[in-house]
Amino acid sequence: MRTGSISGKKINYDRHVVNKMINDDTQFHDLAERCKGKLVVAVQGLGFVGSAVCAAVASVVEKSGSPKYFVIGVDLPTPESFWKVEKINAGEMPFPSADASLSEVIHHAVKKQKNLVAVCDPRVYRLASVIIMDVQLDVAAYPYDGSRNITIETTGFTKAAREIGRHMCEDALVIVETTVPIGTTEHIVAPAIREERKLRGITQPALLAHCYERVMPGANYLKSIRAMSRCYSGVDAPSAEAAGAFLQSITEGSEVKHRRMASSTASEMAKLLENSYRAANIAFIHEWTLLAEKSGVNLWDVVDAIRIRKGTHDNMRYPGFGVGGYCLTKDSLLAQWGGENLLQVDTGLDTTLRALQTNYHMPLHTLDLLRELLGENLKGKSVVLCGISYLPDVGDTRNSPSQIFADAALAAGVKLTLHDPNVSLWPERPDVPFVHNLEAAIATADALVFT
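Here is what the cut-offs are and how they apply
- Residues numbered from 1 in each chain as written.
- Predicted model: local features only at pLDDT ≥ 70, side-chain atom pairs only at ≥ 80, totals over all residues.
- Heavy atoms only, no water.
- Core = buried A, V, L, I, M, F, W, Y, C linked by side-chain atoms within 4.5 Å.
- Buried < 20%, exposed > 50% of the residue type's maximum accessible area, 1.4 Å probe, protein only.
- Helix = DSSP H or I, 4+ residues; strand = E, 2+ residues; numbered from the N terminus.
- Contact = heavy atoms within 4.5 Å.
- Axes fitted to C-alpha atoms, helices over the stretch in contact; angles between N-to-C directions.
- Parallel < 35°, antiparallel > 145°, perpendicular 65-115°, else oblique.
- Left-handed = near helix turned anticlockwise from the far one by under 90°.
- Expected span 1.5 Å × (residues − 1).
- Salt bridge = Lys/Arg side-chain N within 4 Å of Asp/Glu carboxyl O.

*Asks:* Help me out: how do you make sense of the nonpolar core in this one?
*Replies:* The nonpolar side chains of soluble globular proteins are, as a tendency, buried together. Ranked by internal contacts, the top residues of the largest apolar core, which has 51 residues, are I72, M133 and I193. The element contributing the most residues to this core is helix 7 (residues 184-199), with five residues. In this structure M133 touches Q44, F157, A160, A161, I164, V174, I175, V176, E177, T178 and V189, once residues within four positions along its chain are discounted. With 43 residues, the next largest nonpolar core counts V53, A118, V215 and I250 among its residues.

*Asks:* What am I meant to see in the packing of helix 10 (residues 264-295) against helix 12 (residues 331-341) here?
*Replies:* Between two packed helices, the angle of one axis relative to the other and the distance separating the axes together describe the packing. Relative to each other, helix 10 and helix 12 sit at 135°, their axes nearing to 8 Å. When the axis of helix 10 is compared with that of helix 12, the two are oblique. For the element pair helix 10 and helix 12, the recorded crossing hand is left-handed. When helix 10 is examined against helix 12, the residues K271, L272, N275 and S276 are found in contact with a partner set consisting of D331, S332, L334 and A335.

*Asks:* Looking at this structure, how should I read helix 9 (residues 237-250)?
*Replies:* Residue pairs three or four apart in sequence face the same way in an α-helix, which turns once every 3.6 residues. Across its 14 residues, helix 9 extends 20 Å between first and last C-alpha, which sits within 8% of the 20 Å expected from 1.5 Å per residue. Every buried residue belonging to helix 9 is among S239, A240, A243, G244, F246, L247, S249 and I250, and all of these are buried.

*Asks:* Could you clarify how one ought to interpret the pattern of salt bridges in this entry?
*Replies:* Pairing of side chains with opposite charge becomes possible as their charged atoms draw close. Scanning the entire structure with this criterion turns up 21 salt bridges. Across the pair E177 and R230 runs a salt bridge whose closest N-O atoms are separated by 2.6 Å. Placement of E177 in the loop between strand 9 (173-176) and helix 7 and of R230 in the loop between helix 8 (221-226) and strand 11 (231-234) is noted, with a sequence separation of 53 residues between them. Taking the relative accessible area as the measure of exposure, E177 reaches 5% and is therefore buried. Here R230 falls in the buried class, since its relative accessible area comes to 4%. Each of R162, E163, R166, E195 and E196 takes part in a single network of salt bridges with overlapping partners.

Written out as structure tokens, the structure reads:
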């Protein structure tokens, strides 16, 4: 037995236990019996989005009140993943969330309705009518210097697609929900599934679609899955029609109007442009922040004055500390990389990449302000950093701009402590101490930084 660390928690990793989770024929056959006569949806990847999607789909009910779908969450038998399977099967949301309904829905689905289960066994794809890919696909390396030196590792994602092709039913629908480089569905997922099906003697084209998530972190996370309009497309007309019908079945509300795109590449681009647009606007306002500061102008007042123009300017951004989270920090990179490497397009998103460069360096401006206030030498100065997560009222620290600030402050010799009512441990920087009594921290601090 060995241990792994997940979000700062020690977990036991017993290979014999995990092998049983994968190779237990009795468990698989029992699950197959439970699924008989039911519409099964498998969700591949039990990260935050995948776990929430399991909850959302499991919560869909028929007019009679009975569950519409039997949901199977699938993840890898690794120290980083299998514990999420255990959590869901215990009726718990694997990750902390400001949306209490996520835990309530998972508990109800597992313990009461009994239409949600999680496994590490890829054979369950044989049972599914719909398979949703929520496997993480990350940017492996990017220098944030405005260049196009982007590295994206697609091996794991391709392997996940092959796993589906190796086991899926002949007529099952596969939906790529992961945010991916443009061209991924057509040039990575489709060939991988097609090749695996061919090895099984299946020549019928797979139903394959792309439909990106539009989840909104915070107190309404579950609602954002069930009640937000989506964009989607398929690799062919039957795939698009099947995807549209499934989307309609899991969402609710008269305002929900899903938009069918002309191609899976168009759907992929819509997701990346959606987030890149916001990231670029934030970078744009940062330049004006610097100008306003040096000019002695209150930019918040200026923006409020401009926002009076409804319909064109009322969504102008305010100055901010930085940009974080899983999407706005990387999605532009997926577009540039996909265009170059999958679609063989030589057009560069130079303005977009420069915006990411600006956003990456934004938190360092706050360090410059500290130097103006405390002196150029910050060594030994006591600073309390208030706000570790990347978004208010959300306990998610991924790619938080606070991390960029903290690293630079520590390198400058700052005595840094942290305060955040939604975060008790910072997985990315576990050695930086937390202070929970803010009043006591203020009494001895040279400065507070509110992010």
